[in-house]
Amino acid sequence: MWTDVEAEYKACPVQLQLQGQASHASASCPSCIRRDGFDIRQTPSSSKSQPNVQSYFASSTSTVLLSTALINICHLGTNFRARALIDSGSEATFITERLFNIIKPPFEAIQAQVAGLNQTVVAKAQRHGHFMIGAASRPGLKIETVAYVLPQLAGNLPSYPISQHFLDKLSNLPLADPSFHRSSQIDVHLGADILPSILLSGFRSDICGSLLGQETIFGWVLSGPVSADSTRTVSAFTTKLSLDSDVRLEKLLTKFWEVEDLPGRSTSESDYVCEENFRKTTKRGPDGRYIVTLPFKCPENVDLGHSRCAAQAQFLKNERRLQRNLPLKEQYDAVIQEYLELGHMTAVTPSHDTGHYYLPHHVVFKPDSTTTKLRVVFNASSPSSNGKSLNDTLHSGPVLQSDLTTQILRWRVFRYIFNADISNMYRQIQVSSQHTPYQRILFRDRNGDVCDYELATVTFGVNCAPYLALRVIKQLAQEVRPQLPMASDILESYMYVDDVLAVAHTQSQAISAISELRKALDSAGFPLRKWTANHKGVLRDIPVDHLLRADFLELDESSIAKTLGMRWQASADEFFFAPPEVLQRESCTKRNVLSQIAQLFNPAGWLAPFVIQAKMFMQEIWLRELGWDDVLPSDLSHTWETFLKSFPAIQDIRIPRWLHVCPMAKVQIHGFCDASQRAYGAAIYIRVE
């Protein structure tokens, strides 16, 4: 099962020979000497931060015992036994590819190089796995872990079997690895990223004359020199990862350059817990509305400190800021007051204990919105007195949101389409009264006093809110399928967050689908508003005040809606683009260029011929080795200004929404691709008879 890679380390081109014990430099840390060091240097295409790693190497003329433990790898209710090296000298955790393929946890695709001394690349990591680790002695304890996947880790540890004579005086301790003295392979490499979660307070020195003992959640681990007269050689590495100061920009640039991948989804332990919690605790009230619970990581002991004082300080600070814009403050106050009038929050007695959590809140103003220009955002990531926030204690849940490009393509295949929005979708779902104490806010009552309130519904800003809202919609789809099959299909496949994006081949089918959909959503307290369609007859049964505009489809100017992040002209049934605002600057930098390019929204690739010019220009800047805030040379600056002048031409692009597909049509798909020295492209056409 195990593969020995000792030869890879022996082949390392440089060794610094040290006399005596190599472990004296870090005597306080029992696992600081190790022979399987790694460093990770992620390329810009990685989904994580890009670390720069330094490696340090040493050699010793004595046999050194490293800390090992038997651990449980927990995934989807199954425990896998594994042998782990506990190493405070590593800033990352690793797992062998063999074990990873056995447990099959969810992962992220990365591009990372694993190197030793002198930047010698010994392996490449292409996956970043997520799983839980636990201890046999503590069945209820689970630690969420992220690990890089490598083909191989260390060789056998200890490097050479330890004689039984040396262990005669071993103390009677509950060992994390009872067979620590027998040489065998390592499954997992636990780094300092999770060390605080596994180390306990127990510490003993002079075990068997030279070993150190450290208590962990797995039991006691031992490390240190075994014998002074040994002639064995053990190599040691430590790793250090430091984050790039421009990580955010590098990640933005990565997203800008990468080719879109097909969406891949897998189930994690956290997702499984969320689903079980929803299935077991969700119910419907007398009015048909859904009542959900929050998916706490440890429901029996929610580890939160005091939070009211911090929330009050933030409230007063926000209030002083709003005093400088009284019209905005009046709108903000009206929104919060609406919560109270609609029963979405209730007044409660102030509390300073740890059984409650107070959410700071602030306003976000969107002037370009046609309807909701002001939104109140609740900050569930604000730390309490013990450093943990509400979001830290909750599972966020699996991503249930549909793919944007898929929804665009679906919309293009049907003759008739209609669109509506679930009004205040989150706030139509109630939270169980046992968990509303964790959704408290502060606000002034009509007398001007700062009072305490509990939010009674799913709250925007709590990390599990998107999951809970979309999971409720899918649950409703399952429950109404026998009576309302068309509505069920729409709720299951034609929703994008709170937007209904439904389709039909005939007008009568569209009218029937709308009738079923309204009946299904009304039964759960979800009102549909802002209706639009590409034909008047489709909306004939919709009240005028429920339309996006009363004169929708009567005038071209009133028939424009923002759908799927793009503009849709309903009367002409065409998509079009609104070019981003071009900011005139006295001087331009690489940072400014990237910021401007990132504003080009191009979900279906329709602007690719335009965007590719920006990408090639960014390449040219990169080849000049300019810093993020260096002013562009005159020739590049002139090229960029010329490109910016072409931005307004984007608004002249029109994309027909319907592909003239019908159930009896003969359809063919034709694909073309080509490449040059500077770029490549692909196009897919649909041919309909």
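Everything quoted here is computed from the prediction, not taken from an experiment.

**Overview of unusual backbone geometry**
Even without a glycine there, the phi angle at Asp-573 is positive, about 55 degrees. Note on placement: Asp-573 falls in the loop between strand 28 (566–569) and strand 29 (574–576). Residue His-660 is not a glycine yet carries a positive backbone phi of 60 degrees. In this structure, His-660 sits in the loop between strand 30 (654–656) and strand 31 (667–675). On the basis of relative accessible area, His-660 is assigned to the exposed category, the value being 54%.

**Description of the packing of helix 5 (residues 269–281) against helix 9 (residues 465–480)**
If you want to describe how two helices pack, look at the angle between their axes and the distance between the axes. Helix 9 packs onto helix 5 with a crossing angle of 55 degrees between their chain directions and a minimal axis gap of 12 Å. Considered as vectors, helix 5 and helix 9 are oriented oblique to each other. Classified by chirality, the crossing of helix 9 by helix 5 is right-handed. Residues Cys-274, Glu-275 and Phe-278 of helix 5 touch helix 9, and the partners they reach there are Tyr-467, Leu-468, Arg-471, Val-472 and Gln-475. Here the contact of helix 5 with helix 9 is composed, by residue class, of five nonpolar, one polar and two charged.

**Observations regarding the nonpolar core**
By size, the foremost hydrophobic cluster in this structure holds 113 residues, and its most contacted members are Leu-390, Phe-418, Phe-526 and Trp-531. Per-element tally for this core: the top contributor is helix 9, with 10 residues. If near-sequence neighbours (up to four positions away) are discounted, Leu-390 is found in contact with Phe-296, Leu-304, Tyr-357, Leu-359, Ala-380, Tyr-438 and Val-462. Counting 26 residues, the second-largest nonpolar core is a separate cluster that includes Phe-80, Ala-82, Ile-133 and Ile-198.

**What to know about the state of the cysteines**
Considering all chains together, one arrives at zero disulfides under this definition. Its sulfur unpaired, Cys-274 is 7.2 Å from the next cysteine sulfur, which belongs to Cys-464. On the basis of relative accessibility, which here comes to 1%, the residue Cys-464 falls in the buried class.

**Looking at the confidence of the model for the protein**
When pLDDT is averaged along the protein, the result is 80, and 80% of the positions lie at 70 or above. Taken element by element, the protein is modelled with least confidence in helix 1 (residues 6–10), mean pLDDT 32, and with most confidence in strand 16 (residues 290–292), mean pLDDT 97. Within the model, pLDDT remains below 50 along residues 1–61, and this stretch shows 181 contacts once partners closer than five positions in the same chain are excluded. Under a pLDDT of 50 for its full length, residues 228–247 has, in the predicted model, 72 contacts with residues more than four places off or in other chains.

**Topic: a nonpolar patch on the surface**
Taken together, the side chains of Val-667, Ile-669, Ile-684 and Ile-686 define a hydrophobic patch exposed on the protein surface, amounting to about 390 Å² of accessible area. Taken together, the elements giving at least two residues each to the nonpolar patch come down to strand 31 and strand 32 (680–688). Tracing the backbone through its elements, the reader meets Ile-669 in strand 31. By relative accessible area, Ile-669 is classed as exposed at 63%.

**Concerning the sheet that holds strand 26 (residues 528–533)**
Spatially, 24-25-20-26 is the arrangement adopted by the four strands of the open sheet, whose pairing is antiparallel. Unpaired on one side and paired on the other, strand 24 (495–496) and strand 26 mark the two borders of the sheet. Relative to strand 25 (residues 499–504), strand 20 (residues 416–422) runs antiparallel, the two sharing six bridges. Pairing of Ile-417 across the sheet is with Val-503, part of strand 25. Along the sheet, helix 11 (residues 507–523) contacts strand 20, strand 25 and strand 26; its crossing angle with strand 20, the most-contacted strand, is approximately 15 degrees.

**So, the packing of aromatic side chains**
Evaluation of the coordinates by the stated rule reveals 17 aromatic pairs. With a centroid separation of 5.8 Å and an interplanar angle of 75 degrees, the aromatic rings of Trp-622 and Trp-628 are classed as edge-to-face. The buried category is assigned to Trp-628, whose relative accessible area is 8%. With a centroid separation of 5.5 Å and 85 degrees between ring planes, the pair formed by Phe-643 and Phe-647 is classed as edge-to-face. Exposure class is identical for Phe-643 and Phe-647. Each is buried. Members of the aromatic cluster, each reached through a chain of ring pairs, are Trp-411, Trp-568, Phe-575, Phe-577 and Trp-606. Above the plane of the ring of Phe-460 lies Arg-375, whose end atom (NZ or CZ) is 5.1 Å from the centre. In this arrangement the basic side chain of Arg-427 is found over the ring face of Tyr-339, its NZ or CZ atom lying 3.9 Å from the centre.

**Observations regarding helix 5**
Its 13 residues give helix 5 an end-to-end C-alpha distance of 18 Å, which sits within 8% of 18 Å, the value for a rise of 1.5 Å per residue. Looking only at helix 5, the buried set comprises Glu-269, Ser-270, Asp-271, Cys-274 and Phe-278.

**Some points on the packing of helix 13 (residues 608–623) against helix 14 (residues 634–644)**
One can describe the packing of helix 13 onto helix 14 by two numbers: an axis separation of 11 Å at closest approach and a directional angle of 165 degrees. Considering their axes alone, helix 13 and helix 14 lie roughly antiparallel with respect to each other. Here helix 13 runs over helix 14; the crossing is left-handed. Where helix 13 approaches helix 14, its residues Phe-610, Gln-613, Ala-614, Phe-617, Glu-620 and Ile-621 are matched on the opposing element by Leu-636, Thr-639, Trp-640 and Phe-643. Of the residues assigned to the contact of helix 13 with helix 14, the class counts are seven nonpolar, two polar and one charged.

**Quick look at helix 11**
The end-to-end C-alpha distance of helix 11 is 25 Å, a good match for the 24 Å that 17 residues give at a rise of 1.5 Å each. Every buried residue belonging to helix 11 is among Ala-510, Ile-511, Ala-513, Ile-514, Glu-516, Leu-517, Ala-520 and Leu-521, and all of these are buried. Structurally, helix 11 contributes buried residues whose contacts are with strand 20, helix 9, helix 10 (485–493), strand 25 and strand 26. After helix 11 finishes, the residue Gly-525 shows a positive phi value of roughly 80 degrees.

Conventions used here
- Residues numbered from 1 in each chain as written.
- Predicted model: local features only at pLDDT ≥ 70, side-chain atom pairs only at ≥ 80, totals over all residues.
- Heavy atoms only, no water.
- Helix = DSSP H or I, 4+ residues; strand = E, 2+ residues; numbered from the N terminus.
- Buried < 20%, exposed > 50% of the residue type's maximum accessible area, 1.4 Å probe, protein only.
- Axes fitted to C-alpha atoms, helices over the stretch in contact; angles between N-to-C directions.
- Parallel < 35°, antiparallel > 145°, perpendicular 65-115°, else oblique.
- Left-handed = near helix turned anticlockwise from the far one by under 90°.
- Contact = heavy atoms within 4.5 Å.
- Nonpolar A, V, L, I, M, F, W, Y, C, P; charged D, E, K, R; others polar.
- Core = buried A, V, L, I, M, F, W, Y, C linked by side-chain atoms within 4.5 Å.
- Disulfide = S-S within 2.5 Å.
- pLDDT = per-residue confidence, 0-100.
- Patch = residues over 30% accessible without salt bridge, like charges linked within 9 Å, V, L, I, M, F, W, Y side chains within 5 Å.
- Areas by Shrake-Rupley, 256 points an atom, 1.4 Å probe, with all protein chains shown as cover.
- Salt bridge = Lys/Arg side-chain N within 4 Å of Asp/Glu carboxyl O.
- Pairing = 2+ DSSP bridges.
- Phe/Tyr/Trp six-rings, centres within 6.5 Å; stacked < 30°, edge-to-face > 60°.
- Lys NZ or Arg CZ within 6 Å of the ring centre and 35° of its normal.
- Expected span 1.5 Å × (residues − 1).

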